[in-house]
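# Fold and contact review
Chain residues, written in single-letter form:
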Amino acid sequence: IGENSKELALEFAEEFKKHDEKVIFKNIGVNEETFLRSRGLRDYSFGDCWDSRFKYDDDSFAQAIVDLTKLESLKGSYFKTLRYHINSFKKEHGVSIKTFISRRKKDALNIFSLWKKSFLNRYAKQLATNPLDAHSLELHETYLNANYSMFDESQGVFSFLLYVDGAPKAFTLAEKVSDTTVGVYSNISSNEFQGLSECLVYETLCACAKEGFSFANLGGSEFSTLHNFKKKFATSFIQKKHLVLY
């Protein structure tokens, strides 16, 4: 929202306050925190989370930061497991990565359908008592249907489909967040093949490295399983602040 983003964000927040809404500022950096505290915001506390099981909502586990220079070569003991999964997957299957463009939208929606079915089956018991845990389904479907998600390196958008033995099986979306860093916002795939998700993320991050980026932020996680997946790629983690304005 421009150079005066902090001031404009507060203006929006004040409008929400007029309607008795609580406004949560998420993923606040050090520079923003000092400014926002001076304008009356306070720490995000236990009762502010969307569910008591998640202290910081989708960032209950810290944001995972990937050093693309280190990742690209896949060398060293840190990447031993990741290297094994990717190499084994590629040996067993024909793998191709293609940019997400309009003529491949049908393939992307087929991927979403496979992933959604798998997600609902795997977490059926949890979702029966905690339906909010399925909120990411709508989010990823929005990415797939939005024109801004189409691959466009001139706009800093890096979105890909991964095909396994000729069939579309996975989708990813990364976007430039600074001159050095991309943020990875979507990573969905069929769970038919071990190593598929790892291969998708790896190939996407390598493509971003070739565009001159040095780091990737994989975001925070709600669940330990997702956090552990991101640890295969990330060598550092950042827990950013959440602040609240009543």
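Reading the values: rules and limits
- Residues numbered from 1 in each chain as written.
- Predicted model: local features only at pLDDT ≥ 70, side-chain atom pairs only at ≥ 80, totals over all residues.
- Heavy atoms only, no water.
- Pairing = 2+ DSSP bridges.
- Helix = DSSP H or I, 4+ residues; strand = E, 2+ residues; numbered from the N terminus.
- Core = buried A, V, L, I, M, F, W, Y, C linked by side-chain atoms within 4.5 Å.
- Buried < 20%, exposed > 50% of the residue type's maximum accessible area, 1.4 Å probe, protein only.
- Contact = heavy atoms within 4.5 Å.
- Salt bridge = Lys/Arg side-chain N within 4 Å of Asp/Glu carboxyl O.

### Digging into the sheet that holds strand S1 (residues 23-28)
Spatial ordering of the open sheet is given by S1-S10-S2, a layout of 3 strands whose pairing is antiparallel. Each having just a single partner strand, S1 and strand S2 (42-43) make up the two edges of the open sheet. As defined by bridge partners, S1 adjoins strand S10 (residues 241-245) across 4 bridges and the pair is classed as antiparallel. Counted as the bridge partner of valine 23 is leucine 245 from S10.

### Some details on the nonpolar core
Grouped together as the largest cluster of nonpolar side chains are 25 residues, with contacts concentrated most on Val66, Leu68, Leu71, Leu205 and Phe233. Every element with two or more residues in this core is listed here: strand S3 (63-67), helix H3 (68-73), helix H4 (80-92), strand S5 (157-164), strand S7 (181-189) and helix H8 (196-210). With near-sequence residues (within four places) excluded, leucine 71 lies in contact with Val66, Phe79, Leu82, Tyr202, Leu205 and Phe233. Ala134, Leu137, Tyr143 and Met150 belong to the second-largest nonpolar core, a separate cluster that totals 18 residues.

### Considering unusual backbone geometry
A negative phi holds for most residues other than glycine; trans holds for most peptide bonds. We note that asparagine 27 has phi near 55°; this positive angle belongs to a residue other than glycine. Within the secondary structure, asparagine 27 is located in strand S1. Residue classification places asparagine 27 among the partly exposed positions, given a relative accessible area of 33%.

### Considerations on the pattern of salt bridges
Applying the stated criterion across every chain yields a total of 15 salt bridges. Measuring nitrogen to oxygen at the nearest pair gives 3.1 Å for the salt bridge that ties aspartate 48 to arginine 42. What makes arginine 42 partly exposed here is its relative accessible area of 29%. Of the charged contacts, one joins lysine 176 and aspartate 179 as a salt bridge, the two residues approaching to 3.5 Å between their closest N and O atoms. One continuous salt-bridge network, built from bridges that share partners, spans Glu33, Arg37, Asp43 and Lys241.

On their own, these measurements won't tell you what the molecule is for.
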